[in-house]
Every structure is written in structure tokens, then in C-alpha cells.
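Observations on chain architecture
The lines below spell out each chain.
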Amino acid sequence: MKRKKLSRSKVVKKLDSIFSKYIRQRNAINGVAECFTCGKKDDWKKLQCGHFQSRRFYSTRWDETNCQVQCAGCNVFRYGEQFKFSVHLDQEYGEKTSKRLEVKAKEILKISLPELEDMIKKYEELVKELN
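The structure reproduced in this document is the subject of the present report. Quick caveat: nothing in here was measured; it's all calculated off a predicted structure.

Thoughts on the overall build of the chain
On a plain count of helices and strands, the chain comes out with six helices and four strands. Starting at the N terminus, the α and β elements of the chain follow one another as α-β-β-β-α-β-α-α-α-α. At 15 Å, the chain has a C-alpha radius of gyration in line with the 14 Å of a compact globule built from 131 residues. Counting only C-alpha atoms and orienting by the principal axes, one finds that the chain spans roughly 50 × 35 × 25 Å. Across the 131 residues in the chain, those meeting the buried criterion constitute 40%. Looking at the chain alone, contacts between residues at least 24 apart form 68% of all its contacts between residues at least 6 apart. About 8,500 Å² of surface is accessible on the chain, with carbon and sulfur atoms providing 52% of the total.

Here is the structure:
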């Protein structure tokens, strides 16, 4: 029996899901992660994958530096706390990291379906290693 090919939007959604899981788990200690912008600690499952540069930019959508753990307060209600996010990015990853991501976000990037599927496999493996 041949498996039905997923539509591009479903593949993107699947990648978003596993990538979010990876981002929220990668720095968790005993299942507890910390909001990148306010420091609130909570179970990684209750936190979100916040994006410094919007998810609408495919060139940074799955960038591991651009994406950090955030609480719903910062990510949703305070619109991602972009200023604090940029300050923390530069502290954590080096000066001008936020500027580099800003420039990278504007680059047009076409990602093929097989590339998206490879990324899904990569993050499924990384999540498996974390567990």
C-alpha cells in the first residue's frame, strides 16, 4: 500500500511541531525550561517556541538561534518582547547576532519538500536523543 504524500502545508506544520518540541526541550533541566525574555520557569510543555524574527520569514523560521523558549506572556501577550529578545540574543550568542538574524530574515529562501522532510527527520532524531 502506497502512503499518501502530505501536502506542503501539512509538511510545514509537522516540521513546525517537531522543531518547537526540540527548541523547548533542548535547554530544559528535569523537564523545566526558562523563558528567554523574562526568566519564568515552567514545564517545557507549557512554554512556547518564540521567534525573534517572525515565522513568516522562511530563512529564519527554523533557525535555532532565532527561536528560543518563551512563556505565553512574552510570546503572545507582549508580542515576543522583541527588544529584550534582541538584547538576550546578543548576550548569549555574541554582539550583532540580532542584527545578523534581521538581515537573514529578509533573504528569500525556497525550501523544497524533500528538504523540509529531511529537517523533520533531523529534529525527530534530536528530540529522541534528548529523551
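There's plenty left to go through after this.
Looking at the packing of helix H4 (residues 82-93) against helix H5 (residues 97-105)
Between H4 and H5, the least distance of the axes is 7 Å, while the angle of their chain directions is 115 degrees. Taken together, H4 and H5 sit at an angle that is classed as roughly perpendicular. Across from Ser-86, Leu-89, Asp-90 and Tyr-93 in H4, the residues of H5 making contact are Thr-97, Ser-98 and Leu-101. A per-class count over the contact of H4 with H5 returns three nonpolar, three polar and one charged.

Brief notes about the nonpolar core
Ranked by internal contacts, the top residues of the largest apolar core, which has 22 residues, are Leu-15, Phe-19, Ile-23, Trp-62, Leu-116 and Tyr-123. With seven residues, the top contributor of residues to this core is helix H1 (residues 8-26). Beyond its immediate stretch of four places on either side in the chain, Leu-116 contacts Arg-8, Val-11, Val-12, Leu-15, Trp-62 and Ile-111. In this structure, Phe-52, Phe-85, Leu-89 and Leu-101 belong to the second largest nonpolar core, which totals five residues.

Brief notes about H1
With 19 residues, H1 should reach 27 Å at 1.5 Å per residue; the first-to-last C-alpha distance of 27 Å fits that figure. Packing partners of the buried residues in H1 comprise strand E1 (32-34), strand E3 (48-51), helix H2 (58-61), strand E4 (67-70), H4 and helix H6 (113-130).

Notes on the packing of aromatic side chains
One pass over the structure, following the stated rule, counts five aromatic pairs. Measuring from centroid to centroid gives 5.0 Å for Phe-19 and Tyr-123, while their planes differ by 90 degrees, and the two rings are edge-to-face. On the criterion of sequence distance, the pair formed by Phe-19 in helix H1 and Tyr-123 in helix H6 is long-range, its members being 104 residues apart. The two residues Phe-19 and Tyr-123 agree in class, both being buried. With a centroid separation of 5.6 Å and an interplanar angle of 40 degrees, the aromatic rings of Phe-52 and Phe-85 are classed as tilted.

What counts as what
Residues numbered from 1 in each chain as written. Predicted model: local features only at pLDDT ≥ 70, side-chain atom pairs only at ≥ 80, totals over all residues. Heavy atoms only, no water. Helix = DSSP H or I, 4+ residues; strand = E, 2+ residues; numbered from the N terminus. Rg over C-alpha atoms; globule rule 2.2 N^0.38 Å. Buried < 20%, exposed > 50% of the residue type's maximum accessible area, 1.4 Å probe, protein only. Contact = heavy atoms within 4.5 Å. Areas by Shrake-Rupley, 256 points an atom, 1.4 Å probe, with all protein chains shown as cover. Axes fitted to C-alpha atoms, helices over the stretch in contact; angles between N-to-C directions. Parallel < 35°, antiparallel > 145°, perpendicular 65-115°, else oblique. Nonpolar A, V, L, I, M, F, W, Y, C, P; charged D, E, K, R; others polar. Core = buried A, V, L, I, M, F, W, Y, C linked by side-chain atoms within 4.5 Å. Expected span 1.5 Å × (residues − 1). Phe/Tyr/Trp six-rings, centres within 6.5 Å; stacked < 30°, edge-to-face > 60°.

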